[in-house]
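One-letter residues, chain by chain:
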Amino acid sequence: MVMTKEERKQYNKKYHQSPKGKMCNKIANWKQKTKNGYGLICENKGEYEYIYDRWLRYERCEECSKKYNEDNWKCMDHCHLTGLFRDILCHSCNMKRQDNSSGISNISKHNNGWLYQITIKGNKHSKYSKDLEFLKEYKIEYEKKYLYNI
Ligand SMILES: [Zn+2]
């Protein structure tokens, strides 16, 4: 099928307003490198889509549990040094976050050690350890068990 210029324009417009088009736009936006550092970097397409899905569905901040609104909108929080995903947060919590990431998503510096935090279907889970290597293993096991089996 050959489209005229006008038809092509309409087609593109329609696509960008569709759920899939919106998702692609948002993900492309997250991937953009900025003056602050890296954009979001994931291993594969599925991981970007998973983060988008989480961003889309969650109505409350994963940190402070406040409902998102026009003044305190939802943000995809990631580490600007590594590009790795951390959490979906409200704007206010996102601004408070420093780049104190371990470089591993959901693990950040806390007191004298490291804190792994994840919210799955509204249930918050956290684990503190002074041993980063232990936490990395713990995260893999925990997410294997609960994150991809729901
Ligand atoms: Zn918050």
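Note that residues are indexed from 1 along each chain, following the sequence as it is written. At least 70 in pLDDT is required for a residue's local features to be given in this predicted model, at least 80 for side-chain atom pairs to be given and counted, and no such filter applies to totals for whole chains, interfaces and linings, which use all residues. With hydrogens and water stripped out, all remaining heavy atoms of the structure feed into the side-chain values.

Chemist: Can you help me understand the domain arrangement of the chain in this one?
Modeler: Interfaces are frequently sized by the accessible area removed from exposure as the parts join. Boundaries of every domain are those given by an automatic assignment or by a domain database. Under the domain assignment used here, the chain contains domain 1 (1-90) and domain 2 (101-150). The C-alpha-based centres of domain 1 and domain 2 are spaced at 23 Å.

Chemist: Please explain the coordination of the zinc ion as it appears in this structure.
Modeler: Ideal geometry at a metal centre: 109.5 degrees between donors when four sit tetrahedrally, and 90 or 180 degrees when six sit octahedrally. With water omitted from the atoms examined, metal sites may look incomplete; donors here are N, O and S atoms no farther than 2.8 Å from the metal, or 3.2 Å in the case of Na, K and Ca. Protein coordination at the zinc ion: the donors are C61 (SG), C64 (SG), C90 (SG) and C93 (SG), at 2.3 to 2.4 Å from the metal. Only two sets of limits are used to name each site, 85 to 135 degrees for every angle of a tetrahedral four-donor site, and over 155 degrees for opposite donors with all other angles from 65 to 115 for a square planar four-donor or octahedral six-donor site, with any other site named irregular. Each of the 4 donor atoms bound to the zinc ion contributes to angles spanning 105 to 115°, and the resulting shape is tetrahedral. If you list the donors of the zinc ion from N- to C-terminus, the spacing comes out as C-x2-C-x25-C-x2-C. One end of the pair, C61, is in the loop between α3 (45-57) and β1 (74-78); the other, C90, is in strand β2 (residues 85-90), and 29 residues separate them in sequence. Comparing C61 with C90 shows no difference in burial state: the two are buried. Runs of H or I in DSSP of at least four residues are treated as helices and runs of E of at least two as strands, each being numbered from the N terminus. Buried, partly exposed and exposed residues are distinguished by accessible area as a fraction of the type maximum, computed with a 1.4 Å probe on protein chains only: under 20%, between the cut-offs, and over 50%, respectively.

Chemist: What am I meant to see in the side chain of D87 here?
Modeler: Note that D87 resides in strand β2. Since its relative accessible area comes to 6%, D87 is described here as buried. Note on contacts: a residue pair qualifies if any of its non-hydrogen atoms lie within 4.5 Å across the two residues. Apart from residues no more than four positions distant in its own chain, D87 is found in contact with R54, E62, C75, M76, D77, R97, N106 and Q117.

Chemist: Is there a simple way to think about the packing of helix α1 (residues 5-17) against helix α2 (residues 19-31) in this case?
Modeler: The geometry of a pair of packed helices is captured by two quantities: the angle between their axes and the separation between those axes. Every angle, taken between N-to-C directions, lies between 0 and 180 degrees, and every axis is a line fitted to C-alpha atoms, over only the stretch in contact when it is a helix. Remark: α1 packs on α2, axes separated minimally by 4 Å, with the N-to-C direction vectors making an angle of 80°. For the element pair α1 / α2, the angle class is roughly perpendicular. Residues Y15, H16 and Q17 of α1 form the contact with α2, whose own contacting residues are P19, K20, G21, K22, C24 and N25. Looking at the contact of α1 with α2 residue by residue, the class counts come to 3 nonpolar, 4 polar and 2 charged. The labels follow the angle: roughly parallel below 35 degrees, roughly antiparallel above 145, roughly perpendicular from 65 to 115, and oblique for the rest. Charged residues are taken to be Asp, Glu, Lys and Arg, nonpolar residues to be Ala, Val, Leu, Ile, Met, Phe, Trp, Tyr, Cys and Pro, and polar residues to be all remaining types, Gly included.

Chemist: Quick question: what am I supposed to make of the pairing of β2 here?
Modeler: On any regular strand, side chains alternate: one points to one face of the sheet, the next to the other face. Of all the 6 residues making up β2, 6 are buried; the element is thus mostly covered by neighbouring parts of the structure. Paired strands, in this sense, are two strands between which DSSP finds at least two bridges. Judged from the 5 bridges that link them, β1 and β2 form a sheet pairing that is antiparallel. Each bridged residue has a counterpart across the sheet, and for M76 the counterpart in β2 is I88. Adjacent in sequence and paired antiparallel, β1 and β2 are bridged by 6 residues, among which G83 carries a positive phi angle near 85°.

Chemist: So what exactly am I meant to see when it comes to the packing of aromatic side chains here?
Modeler: Two measures describe an aromatic ring pair: the distance that separates the ring centres and the angle between the ring planes. We call Phe, Tyr and Trp rings a pair once their centres come within 6.5 Å, taking the six-membered ring for Trp, and we label the pair stacked below 30 degrees between planes, edge-to-face above 60, and tilted otherwise. Tallied over the full model, the rule gives 7 aromatic pairs. Aromatic rings pair up to connect Y116, F134, Y138 and Y142 into one cluster. Across from the ring centre of Y48, 4.6 Å away, lies the NZ or CZ of K31, which sits over that ring. Sitting over a ring, as applied to charges here, requires NZ of Lys or CZ of Arg to be within 6 Å of the ring centre and within 35 degrees of the ring normal.

Chemist: For this particular structure, what's the right way to read the nonpolar core?
Modeler: Side chains of nonpolar character tend, in soluble globular proteins, to be buried together. Only buried residues count toward a nonpolar core. Its members are Ala, Val, Leu, Ile, Met, Phe, Trp, Tyr and Cys residues joined through side-chain atoms within 4.5 Å. Residues W30, L40, I51, M76 and I88 are the most contacted members of the largest nonpolar core, which totals 17 residues. Elements with a minimum of two residues in this core: α2, α3 and β2. Excluding residues within four positions of it along the chain, I88 makes contact with I51, R54, W55, C61, E62, Y68, K74, C75 and M76. Judged by nonpolar contacts, the second largest core, of 9 residues, contains I107, I118, L132 and L135.

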